[in-house]
Amino acid sequence: MLALDEQLRFVTLLSEQSAVFSSVSAAEVDRQIEQALRRIVAFLDVDRGSLAEFSPDGTTARITHEWVTEGAERAPSALALGELPWVVAQLRAGELVRFSRREDLPEADAAVDRRTYERLGITSRIEVPLIVEGRVLGALAFSTLGVERAWRDPLVQRLRLLGEVFANILSRRRSEMEALRLRQHLAHIGRVSTMGELTASLAHELSQPLTAILSNAQAAQRLLEADRTDFAELRAILGDIVEDDNRATAVIHRLRGLLKKGDFTISILDLNQLVGEVARLVSGDAIIRDVSIRLELAPGLPPLRGDRVQLQQVLLNLILNGLDAMRDARPGDRTLVLQTARDGPAAVRVAVRDSGIGIAQADLNRIFDAFYTTKPEGLGMGLAIARSIVQEHGGRLRAENNPDGGATFAFTLPVGVDGP
């Protein structure tokens, strides 16, 4: 039997890990899984611990998390299930697989498996199937490289319990990843829909540099047709053409960035630059609506970490909502203020303040609910998506009416790296 102190240490490890996994946030799941593998590898005194998931088509096992001791070789990131046919069959049947040395495996039935383990340098190993609702999603495995390891029955039973803990967190992780993919898909649909609302604005912003390019090109043609060409003036005209071309290219680049469909990508961002980019994108729309946009950007803000495209989408949605809110306001009173500021030592704040009619109290309580909208043509997803994006960044999105009329939508974001 296991020594009493060893049993107590394992029970403590199991209970602590269960508690951690039950309360860990989605952003911390992967790190906590690796930390759990590290602790178990040290407890078992083995060389490698890994969590592998079976591919949907049932052909591959992909290692999603791994911990190896110092000096030990890492396992391949993926392995064809056909290289371990006997072991995979046992796991799919819900059976745990263990061997203290490769020769313990059935000589005939597991011949392919034995050769694979020999190639990988694995001397002893235990694999626990990860079962959720009767379906094997993958396996939790611990191995030694070069040294034989005995897997006693009491320990094996406790590792089965550990497998249940990992199976639950793996199932949760898969559900959260699927939900994230769905949110990203909805966010992309939202961006495409928003671009439809900005058609007139984009046409206005592109027509200015294109008109200037045409005018300068015609002027250059006239100069070239003259008896004596003024090369200094021609150089100035060509310089203007290049500048206007760069302006048009920047508009297209910002548009392509918002329309692209990609994974959640974290980078270090300058908040004021982000706000300025979106303000330029909607400037044409604001002119068409006779709205004045005023930027009040706090200097010296610390950088933050986030997905540029998704945060631009949040800003774009809030700005367009603000422009819509001022549709019935008098032309001279239509002002949209974009503000940035610190929000304590570890966060920054962005506010979009309009001078419209404000938000009815009944709507204020539900405005971020999915499919709830006050617009006849709206789907009610814009603000719901914006809130989910802000929350995924660790922030909060709120709305309130202004004492002097209109409404303010504001969100906070945690500072991602050390700032001034």
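Residues numbered from 1 in each chain as written. Predicted model: local features only at pLDDT ≥ 70, side-chain atom pairs only at ≥ 80, totals over all residues. Heavy atoms only, no water.

**So, the overall build of the protein chain**
Move 1: Of the regular secondary structure elements, the protein chain holds eleven helices and 13 strands.
Move 2: Burial analysis of the protein chain (420 residues in total) assigns 44% to the buried set.
Move 3: Put simply, 68% of the contacts in the protein chain that link residues at least 6 apart link residues at least 24 apart.
Move 4: Just so you have it, the protein chain exposes about 21,900 Å², and 52% of that area is on carbon and sulfur atoms. (Helix = DSSP H or I, 4+ residues; strand = E, 2+ residues; numbered from the N terminus. Buried < 20%, exposed > 50% of the residue type's maximum accessible area, 1.4 Å probe, protein only. Contact = heavy atoms within 4.5 Å. Areas by Shrake-Rupley, 256 points an atom, 1.4 Å probe, with all protein chains shown as cover.)

**Thoughts on the packing of helix H3 (residues 85-92) against helix H4 (residues 111-120)**
Move 1: Two elements in contact, H3 and H4, have axes separated by 6 Å at closest approach and are oriented at 110°. Judged on the interaxial angle alone, H4 and H3 are roughly perpendicular. Contacts from Pro85, Trp86 and Val87 of H3 reach H4 at Val112, Asp113 and Tyr117.
Move 2: Per-class residue counts for the contact of H3 with H4 are five nonpolar, no polar and one charged. (Axes fitted to C-alpha atoms, helices over the stretch in contact; angles between N-to-C directions. Parallel < 35°, antiparallel > 145°, perpendicular 65-115°, else oblique. Nonpolar A, V, L, I, M, F, W, Y, C, P; charged D, E, K, R; others polar.)

**Notes on helix H2 (residues 29-44)**
Move 1: For H2, spanning 16 residues, the distance from its first C-alpha to its last is 22 Å, which sits close to the expected 22 Å at 1.5 Å a residue.
Move 2: Residues Val29, Gln32, Ile33, Ala36, Leu37, Ile40, Val41, Phe43 and Leu44 constitute the buried set of H2.
Move 3: Downstream of H2 by one or two residues, Asp45 has phi in the positive range, about 60°. (Expected span 1.5 Å × (residues − 1).)

**Examining the environment of Gly276**
Move 1: Position of Gly276 relative to the elements: it lies in helix H8 (residues 271-288).
Move 2: Judged by its relative accessible area of 9%, Gly276 falls in the buried class.
Move 3: Separated by 62 residues in sequence, Gly276 and Leu338 place their C-alpha atoms 9.2 Å apart.

**A short note on the sheet that holds strand S5 (residues 124-132)**
Move 1: With antiparallel pairing, six strands are arranged side by side in an open sheet as S3-S2-S1-S6-S5-S4. With partners counted over all chains shown, the strands left at the sheet margins are strand S3 (78-80) and strand S4 (97-99), one partner each. Neighbour-to-neighbour, the strand axes of this sheet turn through a mean angle of 20°, independent of strand direction.
Move 2: Note: strand S1 (residues 48-54) against strand S2 (residues 60-68), seven bridges, orientation antiparallel. By the bridge assignment, Ala52 is partnered in S2 with Ile63. (Pairing = 2+ DSSP bridges.)

**Thoughts on H3**
For an α-helix the count is 3.6 residues per turn, leaving residues at separations of three or four pointing the same way.
Move 1: Those residues of H3 not exposed but buried are Val87, Val88 and Leu91. Considered in projection along H3, the buried side chains sweep an arc of 95° and stay on one side of the axis.
Move 2: Positive phi shows up at Gly94, right after H3, with a value of about 85°. (Arc of directions from axis to C-beta.)

**So, the nonpolar core**
Move 1: If you look at the biggest cluster of nonpolar residues, it comprises 42 residues, and the most contacted ones within it are Leu271, Leu318, Ile319, Leu336 and Phe411.
Move 2: Secondary-structure elements contributing two or more residues to this core are H8, helix H9 (308-325), strand S10 (335-342), strand S11 (347-353), helix H11 (382-392), strand S12 (396-401) and strand S13 (407-414).
Move 3: With residues near it in sequence (within four places) discarded, Phe411 still touches Val314, Leu315, Leu318, Val348, Arg349, Val350, Val390, Arg396 and Leu397. (Core = buried A, V, L, I, M, F, W, Y, C linked by side-chain atoms within 4.5 Å.)

**Some remarks on the packing of aromatic side chains**
Move 1: The final tally for this structure, using the stated rule, is one aromatic pair.
Move 2: Centre to centre, the rings of Phe99 and Tyr117 are 5.0 Å apart; their planes meet at 45°, and the pair counts as tilted. Of the two residues, Phe99 sits in strand S4 while Tyr117 sits in helix H4, which places them 18 residues apart along the sequence.
Move 3: Stacked on the ring of Trp151, the Lys or Arg Arg149 has its end atom at 4.8 Å from the ring centre. (Phe/Tyr/Trp six-rings, centres within 6.5 Å; stacked < 30°, edge-to-face > 60°. Lys NZ or Arg CZ within 6 Å of the ring centre and 35° of its normal.)

**Brief notes about unusual backbone geometry**
Move 1: The backbone phi angle of Glu133 is positive, close to 55°, even though this residue is not glycine.
Move 2: Within the secondary structure, Glu133 is located in the loop between S5 and strand S6 (135-144).
Move 3: Although it is not a glycine, Asp290 adopts a positive phi angle of roughly 60°.
Move 4: Topologically, Asp290 is positioned in the loop between H8 and strand S8 (292-297).

**Some thoughts on the side chain of Thr408**
Move 1: With respect to the secondary-structure elements, Thr408 resides in strand S13.
Move 2: One polar contact links Thr408 to Asn402, side chain to side chain, over a distance of 2.6 Å.
Move 3: Not counting residues within four places of it along the chain, the set of residues in contact with Thr408 comprises Ala351, Val352, Arg353, Arg398, Ala399, Glu400 and Asn402. (Polar contact = N/O pair within 3.5 Å; in protein donor to acceptor, adjacent residues only side chain to side chain.)

**With respect to the pairing of S2**
Move 1: Linking S1 to S2, which pair antiparallel, is a turn of five residues; within it Gly58 sits at a positive phi near 70°.
Move 2: Relative to S3, S2 runs antiparallel, the two sharing three bridges. The partner of Arg62 across the bridge, within S3, is Ala78.

**Things to note about the packing of H8 against H9**
Move 1: Their axes nearest at 10 Å, the elements H8 and H9 cross at an angle of 45°. Comparing the axis directions of H8 and H9 gives the class oblique. Along this stretch, H8 crosses H9, giving a crossing that reads as right-handed. Listed contacts from H9 to Gln273, Leu274, Val275, Glu277, Val278, Leu281, Val282 and Asp285 of H8 are Arg308, Leu311, Gln312, Leu315, Leu316, Ile319, Leu320 and Leu323.
Move 2: Broken down by class, the residue content of the contact of H8 with H9 amounts to eleven nonpolar, two polar and three charged. (Left-handed = near helix turned anticlockwise from the far one by under 90°.)

**Focus: the pairing of S12**
Move 1: Relative to S13, S12 runs antiparallel, the two sharing six bridges. Each residue of the ladder has a partner; that of Asn401, found in S13, is Ala407.
Move 2: Between S12 and S13, which pair antiparallel in sequence order, lie five residues; one of them, Gly405, sits at a positive phi of approximately 105°.

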